[in-house]
Amino acid sequence: MANSGQKVVLITGCSSGIGLRIAVTLAKDEKKRYHVIATMRDLKKKDKLVEAAGDAYGKTLMLLPLDVCSDESVRQCINNVKDRHIDILINNAGVGLLGPVESISIEEMKKVFETNFFGVVRMIKEVMPDMKKRRSGHIVVMSSVMGLQGVVFNDVYTASKFAMEGFCESMAVQLMKFNIRLSMIEPGPVHTEFETKMMEDVAKMEYPGADADTVRYFKDVYLPSSIDIFEAMGQTPEDIAQCTKKVIESSSPRFRNLTNSLYTPIVALKYADETGGLSVNTFYNLLFNFGPLMHITMSILKCLTCSCLRRRTISPN
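All figures in this text were calculated on a predicted structure; none of them were measured in a lab.

**Student:** If you had to explain the layout of surface pockets to someone new, which residues and values would you point to?
**Tutor:** Of the voids in this model, the second largest pocket is the one considered here, and its volume is about 350 Å³. Looking at the second largest pocket, it is lined by 16 residues, and the ones nearest its centre are Gly96, Leu97, Leu98, Glu108 and Met205. Mapped onto the lining of the second largest pocket, the elements with two or more residues apiece are α4 (106-116) and α7 (193-204). Residue contributions to the lining of the second largest pocket peak at 4 residues, all from α7. Tallied by class, residues from the lining of the second largest pocket come to 10 nonpolar, 2 polar and 4 charged.

**Student:** A description of the pairing of strand β6 (residues 180-186) should follow, citing residues and the corresponding values.
**Tutor:** Counting buried positions along β6 yields 6 of 7 residues, so the element is predominantly enclosed. For the crossover from strand β5 (residues 137-142) across helix α6 (residues 155-176) to β6, the handedness is right-handed.

**Student:** Describe helix α8 (residues 212-233), naming the residues involved and giving the relevant values.
**Tutor:** Relative to the 32 Å expected for 22 residues at 1.5 Å per residue, α8 spans 30 Å between its end C-alpha atoms, a close match to the ideal helical length. If you look at α8, its biggest bend is around 35°, right at tyrosine 222, and the proline proline 224 turns up within four residues after that. Considered for burial, the residues of α8 that qualify are Thr214, Val215, Phe218, Tyr222, Leu223, Ser225, Ser226, Asp228, Phe230, Ala232 and Met233. Structurally, the start of α8 carries an N-cap: the backbone nitrogen of aspartate 213 is 3.2 Å from a side-chain oxygen of aspartate 211.

**Student:** Give me the pattern of salt bridges: which residues, what numbers.
**Tutor:** Within the structure shown, the criterion is met by 16 salt bridges. For aspartate 71, the salt bridge identified is with arginine 122, shortest N-O distance 2.5 Å. Placement of the pair is aspartate 71 in helix α3 (residues 71-79) and arginine 122 in helix α5 (residues 118-134), with a sequence separation of 51 residues. For aspartate 71, a relative accessible area of 45% puts it in the partly exposed group. Across the pair arginine 256 and glutamate 169 runs a salt bridge, and its minimum N-O distance is 2.7 Å. With arginine 256 in strand β7 (residues 256-258) and glutamate 169 in helix α6, the pair connects residues that are 87 residues apart, well separated along the chain.

**Student:** Any details on the sheet that holds strand β2 (residues 34-40)? Residues and values, ideally.
**Tutor:** Strand order in the open sheet made by the 7 strands is β3-β2-β1-β4-β5-β6-β7, with parallel pairing throughout. With one partner strand each, in any of the chains shown, β3 (61-65) and β7 form the two edges of the open sheet. Between one strand and the next, the sheet's axes are offset by a mean angle of 20°, whatever the strand orientation. Sheet topology note: the strand β1 (residues 7-11)/β2 ladder contains 5 bridges and is parallel. Bridging from a neighbouring strand, leucine 10 pairs with isoleucine 37 of β2. Those strands touched by α5 are β1, β4 (88-91), β5 and β6, and its axis lies near 175° from that of β4. Contacts from helix α9 (residues 237-249) reach β2, β4, β5, β6 and β7, with the element oriented near 155° to β5.

**Student:** Explain a nonpolar patch on the surface residue by residue, including any values.
**Tutor:** Judged by side-chain polarity, Tyr217, Tyr284 and Phe288 come together as a nonpolar surface patch covering roughly 280 Å² of accessible area. With respect to the secondary-structure elements, phenylalanine 288 resides in helix α11 (residues 277-289). Here phenylalanine 288 falls in the partly exposed class, since its relative accessible area comes to 33%.

**Student:** Kindly report on the packing of aromatic side chains, identifying the contributing residues and their values.
**Tutor:** Summed over all chains, the structure comprises 8 aromatic pairs. Both rings, one in tyrosine 217 and one in phenylalanine 288, keep their centres 5.3 Å apart while their planes meet at 75°; by these two values the pair is edge-to-face. Of this pair, tyrosine 217 sits in helix α8 while phenylalanine 288 sits in helix α11; the two residues are 71 residues apart in sequence, bridging distant segments of the chain. The partly exposed category is assigned to tyrosine 217, whose relative accessible area is 31%. Each residue in the set Phe153, Tyr207, Phe218 and Tyr222 is aromatic and connected to the rest through ring pairs, giving one cluster.

Basis of the calculations
- Residues numbered from 1 in each chain as written.
- Predicted model: local features only at pLDDT ≥ 70, side-chain atom pairs only at ≥ 80, totals over all residues.
- Heavy atoms only, no water.
- 1 Å grid on protein atoms, 1.4 Å probe; cavity = no way out; pocket = protein on both sides within 12 Å on 5 of 7 lines; lining within 4 Å.
- Points joined across faces, edges and corners; volume = space filled by probe spheres on them.
- Helix = DSSP H or I, 4+ residues; strand = E, 2+ residues; numbered from the N terminus.
- Nonpolar A, V, L, I, M, F, W, Y, C, P; charged D, E, K, R; others polar.
- Buried < 20%, exposed > 50% of the residue type's maximum accessible area, 1.4 Å probe, protein only.
- Right-handed = clockwise from strand over helix to strand, strands pointing away.
- Expected span 1.5 Å × (residues − 1).
- Bend = angle between axes of the 7 residues up to and from the residue.
- Polar contact = N/O pair within 3.5 Å; in protein donor to acceptor, adjacent residues only side chain to side chain.
- Salt bridge = Lys/Arg side-chain N within 4 Å of Asp/Glu carboxyl O.
- Pairing = 2+ DSSP bridges.
- Axes fitted to C-alpha atoms, helices over the stretch in contact; angles between N-to-C directions.
- Contact = heavy atoms within 4.5 Å.
- Patch = residues over 30% accessible without salt bridge, like charges linked within 9 Å, V, L, I, M, F, W, Y side chains within 5 Å.
- Areas by Shrake-Rupley, 256 points an atom, 1.4 Å probe, with all protein chains shown as cover.
- Phe/Tyr/Trp six-rings, centres within 6.5 Å; stacked < 30°, edge-to-face > 60°.

Below, the structure written as structure tokens:
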């Protein structure tokens, strides 16, 4: 139970990665300003979180089961919070999907949207009425740079993030009237166990329905380039957790928060040309015409940029 003066923070998707690090970072806040409710679908996967939380577990951090894909689970989770009072909701739960779209079933696509988009909508719908009554609250959504700029072979994942960005951009206007803040956190590549395993798995998979050329472009062109980018520009879950902490502690939090300054020029390409041709043609050339050059560039970037630049997070103030 939260002590007087503590803000109640509910975080989704805390069994590993970014969600785990955000939960631990806030629970170990030196001033003990937060009472963290870390949630996950399966509490059997709590061990990593409990170990990382250390002495904070049971004091400033508690666990609740939550499946963001279930209306009933979302309702029960919020009902288990004292007075349904949540000061800060951090929507972190998400799933990825990578590969030629011809080989991805509609059911697989729906599962991505069920978690990445409708999961966020469920959570916001459940906490928003109480926040409106109190005229207070902060909703944080873990988006992605792919919610701003499409990335080849990430078609469905990108679409789910675009949908979430549009939903939140619309909601932010209404919520301002009720003194509720809404902030998007937009990381680029992040080094997590999930990402590493996914990259390893997709390299071994077969892709029925996709032609041989497309599969070759995916495995021999896209994947090596993607690995180069991860190694040169990737951040850690800790970086994203620190960024998120800055956002919720800001007196005037931004709506959009890119966590990696190296991605700013990439996103800017899209807005520099209203026809869309500049960004589409640039990414086409980088991938298919200048692949070897990009590999060399990423290698140089990895060597030249110190960790403080590569992992530089935003400073909202």
